[in-house]
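Below are the chains, spelled out letter by letter.
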Amino acid sequence: MHTQNYPQLESVERIEAGFEAFGYICSREIATAVFLAFQLRKPILVEGPPGVGKTELAKTTALMLEAPLIRLQCYEGLDESKALYEWKYGKQLLYTQVLKEKLGDLLHGATGLAESVERLHQFGDIFYSEDFLEPRPLLQAMRQEKGAILLIDEVDKSDYEFESLLLEILSDYQVSIPEIGTVKAQVSPMVFLTSNNTRDISDALKRRCLHLYIPFPSVELEERIVRSRVPDAGDQLRHQLVEFVHSLRELDLKKAPAVSETIDWARSLLLLHADQLEENLVRDTLNVLLKFQEDIQTAQPELQKLLSDRG
Amino acid sequence: MQDRLVGFIQVLRSHQLRISPAETLDAMGVATTLGYADRDMLRDGLGLVLAKTNRDKAIYRQCFDHYFSHDFDSSPPEQAEDAEEESPNADSLPLDSPGLQPEGNAEPQEAQPSPLDEALAESPALAELANSALLQALRDNDRNTLALAVARAAESVSLSNIRAFTQRGQYTRRMLDALGEEVIRRGVIELEQQDSPALAELQGYRDMLRERVRDTVEREYLLQAQGRNAQRMDEILARTRLNNIELHYQQRVYELVRKMARKLAARYARKRRVYKRGQLDMGRTLRRGIPHDGVMFNTYWRRVNKSRPQVLALCDVSGSVAAYAKFLLIFLYSLADVLPRMRSFAFSSHLGEITDLFRQHPVEKAVEIANWRYGGSTDYGASLEDFSRLALDDVGSNTTVIILGDARNNHGDPRLDLMQQLYQRAKQVIWLNPESRRAWGTGDSEMIRYQSTCHFSAQCNNLEQLERFIDQLLRNTR
């Protein structure tokens with residue numbers, strides 16, 4: 001990606017505007033991070049509470065640059081055969097069968113074991129060659145000719161061992177395959193890693209990345225986000241609902257409502273033809289915002305106070 | 001400016017941020033890419049490479065604001081015509097520290113000669129003062145010149161060496177001397193003797209200058225010394241006997257304990273999933289080979305999944321040992337990531353399980369409740385009996401039992417038979433005693449006898465020993 005010229009990534013302001021055109025409203029810090037990631041050829045590690053648009057950032061970047069998005073979803077037990085590459089065992093097996101039949105022709109005329117082996121050696125290592133390689137997301141991203149956006153989602157879900165696997169890719173944009181050698185990316189991809197902070201990411205990985213923390217957006221920013229995503233909601237409603245969500249986040253909840261939930265809620269309120277927040281309406285639709293019964297119970301008695309405070 | 005950046009990174013390091021040389025280089029790259037024109041953008045940008053946890057980001061922001069507070073000026077300098085004072089250092093940006101200006105000083109002075117002008121013109125004793133560039137700068141409110149002069153004075157007295165709170169006065173004095181404040185000081189004395197109307201004005205300038213210098217010194221102290229002092233303080237706290245730590249420092253010690261725990265957790269978390277490769281699973285290997293025409297491409301091994309270790313902590317919460325119990329528990333529970341199967345019990349006259357308390361409350365609170373609920377005079381015999389009833393069945397070859405107590409049984413029955421049982425069933429029994437080894441076995445202490453039924457016993461009364469012990473515990477249990 002980095003060798004190419006992207007006018008969209010020329011300056012922080014252009015990135016901000018570009019994202020906005022695709023409906024992704026971001027803070028200055030996020031745009032700065034993308035700008036630097038491109039300029040310094042560094043991956044970005046994005047952390048933050050769930051639902052603040054970490055994955056969306058990578059998707060929008062891909063849309064904006066019209067580059068393919070390659071996504072690797074991490075989970076416990078993910079290993080290199082699912083992330084990096086795998087040998088095509090079926091195909092290898094088929095070739096052994098073919099080879100078995102051809103073996104007679106090949107070795108025709110050879111006398112003794114030593115000569116036969118000698119002759120076989122001349123054929124090279126056909127089973128472990130590029131033809132039998134099944135690329136997985138990481139290798140695919142390295143091989144994209146025009147560059148790609150590589151999204152490694154929820155790294156914190158993977159094991160520690162997997163993190164070490166990423167180190168080579170993240171610092172040098174290359175992959176070592178023992179049987180073949182090193183595959184270096186022609187055009188290095190732009191890498192986004194996301195983490196929900198369920199565990200600490202190792203220092204080695206962090207050192208290789210720009211570290212971007214996306215917090216819940218400020219009221220103004222969130223209003224802009226809602227305006228861009230749900231343009232039909234009226235100004236008053238939008239202001240009220242964003243204020244309300246912000247006050248909910250200050251309560252002691254198991255899971256605070258995310259930006260995506262604010263958007264969902266705005267959409268549902270719109271469907272119910274609401275033009276301002278009323279207590280009953282909020283009470284009935286609270287389950288769009290809060291996904292745990294405990295949280296709903298915590299919030300219910302506070303509703304009136306929250307609404308009158310912020311109204 | 002690059003030097004400033006390196007200096008900034010030094011400051012961040014003294015505030016406990018771990019910044020590698022590679023990250024320093026990244027920071028340089030960021031600064032070159034973004035330029036120094038937009039302060040907020042630079043702050044965001046450097047934050048991306050220098051602070052890599054949420055906690056670090058808060059510290060980073062604070063340091064950035066302190067360190068670069070006077071390097072960026074949002075308003076253009078008001079007067080910059082003083083050519084000879086123009087910055088000789090092309091790198092340095094307009095310096096400024098707003099808000100120090102007493103009201104009314106910015107009024108044009110030429111319009112009406114002030115009493116000070118008259119006094120200066122009249123009195124020959126003030127000739128030196130009249131020629132002072134410093135006073136001129138103060139009177140013209142020339143921020144650039146002033147800030148530059150202050151910065152030079154700071155350099156000449158090597159202000160960046162400031163270490164202690166008590167040095168602030170001394171450094172302020174030396175800075176003022178370096179600035180040539182003496183002239184103004186003498187002028188004030190002179191005017192005082194003359195009882196001149198210009199006195200108040202000159203005093204105003206003097207105070208303004210002093211305030212400015214004091215401010216610079218203060219800021220430098222905060223930057224340079226605070227981090228280092230905190231580090232030294234932590235070292236001292238780690239070696240202090242835990243029950244001597246005053247209430248005032250407790251919060252800090254909790255923080256320290258968490259820090260140690262984080263370090264240990266990071267070291268041991270890696271080895272959480274240990275598999276032992278067992279024998280070849282012939283059946284499975286054959287079965288999986290069927291689709292490949294019986295060729296056994298993949299081999300399967302009987303894996304032995306090493307079960308996670310269990311730790312049981314028994315803490316004496318009677319008055320004499322409570323403080324130690326508290327820290328041990330806080331330490332152990334801060335390690336929840338690496339010791340997931342942790343159960344805790346509190347005892348003095350009787351024993352009860354307090355694991356649930358830790359689930360319901362934050363650690364400090366839970367320790368307090370346990371203390372309150374189980375505190376009293378100690379009876380080890382009865383407590384061990386309670387423990388056997390509650391949890392002896394769960395003690396197995398994976399279990400590590402940690403007992404924290406002074407083994408002072410008030411001359412009661414020590415119930416060594418129960419300890420014996422525990423010793424035979426558990427993987428390890430560890431006794432931590434806050435008393436020094438010399439006191440073991442004296443008076444009503446049963447330590448020598450209990451020691452015989454433990455795999456390991458140690459004296460443990462400060463954080464350093466505690467950390468060492470827990471390090472060992474983690475190494476042995478997995």
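All values reported here derive from a predicted model rather than from experimental measurement.

1. Here we look at the overall build of chain A
Link 1 in the chain: Each helix and strand in chain A was counted, giving 15 helices and 9 strands.
Link 2 in the chain: For 311 residues, the compact-globule estimate of 2.2 N^0.38 gives 19 Å, and chain A exceeds it by more than 25% at 26 Å.
Link 3 in the chain: On the principal axes, the C-alpha backbone points of chain A span a range of 95 × 45 × 35 Å.
Link 4 in the chain: Accessible area for chain A stands at about 14800 Å²; split by element, carbon and sulfur atoms hold 49% of it.

2. A short note on the packing of helix H14 (residues 322-334) of chain B against helix H16 (residues 363-374) of chain B
Residue and element names in this part refer to chain B.
Link 1 in the chain: Relative to each other, H14 and H16 sit at 145°, their axes nearing to 10 Å. Crossing angle aside, the handedness with which H14 passes H16 is right-handed. Along the contact surface, H14 presents Ala 322, Lys 326, Leu 329, Ile 330 and Tyr 333, while H16 presents Val 363, Glu 364, Val 367 and Asn 371.
Link 2 in the chain: Here the residues of the contact of H14 with H16 sort into 6 nonpolar, 1 polar and 2 charged.

3. Observations regarding the domain arrangement of chain A
Residue and element names in this part refer to chain A.
Link 1 in the chain: By domain assignment, chain A separates into domain 1 (7-77 + 145-213), domain 2 (85-131) and domain 3 (219-306).
Link 2 in the chain: One C-alpha centre belongs to domain 1, the other to domain 2, and the line joining them spans 42 Å.
Link 3 in the chain: On the domain 2 side, the residues contacting the 4 residues of domain 1 number 5 residues.
Link 4 in the chain: Interface of domain 1 and domain 2: buried area, both sides summed, is about 420 Å²; carbon and sulfur atoms make up 70% of it.
Link 5 in the chain: Broken down residue by residue, the surface that domain 1 buries against domain 2 is led by Ile 177, Glu 179 and Ile 180, which jointly contribute 84%.
Link 6 in the chain: Applying the counting rule to domain 1 against domain 2 returns 0 salt bridges.
Link 7 in the chain: Joining domain 1 to domain 2, the criterion identifies 0 residue pairs in polar contact (both at pLDDT 80 or more).
Link 8 in the chain: Looking at the side of domain 1 that touches domain 2, its residues break down into 3 nonpolar, no polar and 1 charged.

4. Some points on the nonpolar core
Link 1 in the chain: Among the nonpolar cores identified, the biggest contains 90 residues, and Phe244(A), Phe8(B) and Leu50(B) are the most heavily contacted of them.
Link 2 in the chain: At 8 residues, the largest contribution of residues to this core is made by helix H2 (residues 28-40) of chain A.
Link 3 in the chain: With residues up to four places along the chain from it excluded, the contact list for Leu50(B) reads Phe8(B), Ile9(B), Leu12(B), Leu17(B), Ile19(B), Glu23(B), Ala27(B) and Tyr60(B).
Link 4 in the chain: Residues Val311(B), Cys315(B), Leu329(B) and Ile354(B) belong to the second largest nonpolar core, which totals 53 residues.

5. Some words on the packing of helix H12 (residues 259-271) of chain A against helix H13 (residues 279-289) of chain A
All names here are of chain A.
Link 1 in the chain: Between H12 and H13, whose axes approach to 9 Å, the crossing angle comes to 140°. Judged by the angle between their axes, H12 and H13 are oblique. Like other packed secondary-structure pairs, H12 and H13 cross with a definite hand, here right-handed. Residues Glu 261, Thr 262, Asp 264, Trp 265, Ser 268 and Leu 269 of H12 touch H13, and the partners they reach there are Leu 281, Val 282, Thr 285, Val 288 and Leu 289.
Link 2 in the chain: A breakdown of the residues in the contact of H12 with H13 according to their chemical character gives 6 nonpolar, 3 polar and 2 charged.

6. Describing the sheet that holds strand E8 (residues 456-459) of chain B
All names here are of chain B.
Link 1 in the chain: Pairing in this open sheet of 6 strands is mixed, and the strands run E5-E4-E3-E6-E7-E8 from one edge to the other. Each edge of the open sheet is held by one strand with a lone partner, namely strand E5 (351-353) and E8. Between one strand axis and the next, the sheet turns by 20° as a mean value, whatever way the strands run.
Link 2 in the chain: Examined bridge by bridge, strand E3 (residues 310-316) and strand E4 (residues 341-347) share 7 bridges and lie parallel to one another. Note that in E4 the partner of Ala 313 across the bridge is Ser 344.
Link 3 in the chain: Strands in contact with H14 are E3, E4, strand E6 (399-404) and strand E7 (428-433); relative to E3, the strand with the most contacts, it is inclined by about 160°.

7. A word on the interface of chain A and chain B
Link 1 in the chain: The interface of chain A with chain B comprises 29 residues on the first partner and 29 residues on the second.
Link 2 in the chain: Roughly 2400 Å² is buried in total at the junction of chain A and chain B, and carbon and sulfur atoms are behind 61% of that figure.
Link 3 in the chain: The tally of links from chain A across to chain B stands at 4 salt bridges.
Link 4 in the chain: At the surface where chain A touches chain B, the tally comes to 9 residue pairs in polar contact (both at pLDDT 80 or more).

8. A few points about the sheet that holds strand E1 (residues 44-47) of chain A
All names here are of chain A.
Link 1 in the chain: The 5 strands lie next to each other as E2-E5-E8-E1-E9, forming an open sheet whose pairing is parallel. Where the open sheet ends on each side, the last strands, each with one partner, are strand E2 (69-73) and strand E9 (210-213). Within the sheet, the average angular offset between the axes of one strand and its neighbour, ignoring direction, is 20°.
Link 2 in the chain: Where helix H3 (residues 54-65) meets the sheet, its contacts fall on E1, E2, strand E5 (149-153), strand E8 (190-195) and E9, and the angle it forms with E8 comes to roughly 160°.

9. Description of the environment of Glu261(A)
All names here are of chain A.
Link 1 in the chain: Assignment of secondary structure puts Glu 261 in helix H12.
Link 2 in the chain: Judged by relative accessible area, which is 6%, Glu 261 ranks as buried.
Link 3 in the chain: Put simply, Glu 261 and Gly 51 are 210 residues apart on the chain and 7.7 Å apart in space, counted from C-alpha to C-alpha.
Link 4 in the chain: What Glu 261 contacts, discounting residues up to four positions off in sequence, is Lys 255, Ala 256, Val 288, Leu 289 and Lys 291.
Link 5 in the chain: Side-chain polar atoms of Glu 261 contact the backbone nitrogen of Ala 258, separated by 2.6 Å.

What counts, and at which threshold
- Residues numbered from 1 in each chain as written.
- Chains lettered and ligands numbered in written order.
- Predicted model: local features only at pLDDT ≥ 70, side-chain atom pairs only at ≥ 80, totals over all residues.
- Heavy atoms only, no water.
- Helix = DSSP H or I, 4+ residues; strand = E, 2+ residues; numbered from the N terminus.
- Rg over C-alpha atoms; globule rule 2.2 N^0.38 Å.
- Areas by Shrake-Rupley, 256 points an atom, 1.4 Å probe, with all protein chains shown as cover.
- Axes fitted to C-alpha atoms, helices over the stretch in contact; angles between N-to-C directions.
- Left-handed = near helix turned anticlockwise from the far one by under 90°.
- Contact = heavy atoms within 4.5 Å.
- Nonpolar A, V, L, I, M, F, W, Y, C, P; charged D, E, K, R; others polar.
- Domains from an automatic or database assignment.
- Buried area = accessible area lost by both parts, 1.4 Å probe.
- Salt bridge = Lys/Arg side-chain N within 4 Å of Asp/Glu carboxyl O.
- Polar contact = N/O pair within 3.5 Å; in protein donor to acceptor, adjacent residues only side chain to side chain.
- Core = buried A, V, L, I, M, F, W, Y, C linked by side-chain atoms within 4.5 Å.
- Buried < 20%, exposed > 50% of the residue type's maximum accessible area, 1.4 Å probe, protein only.
- Parallel < 35°, antiparallel > 145°, perpendicular 65-115°, else oblique.
- Pairing = 2+ DSSP bridges.

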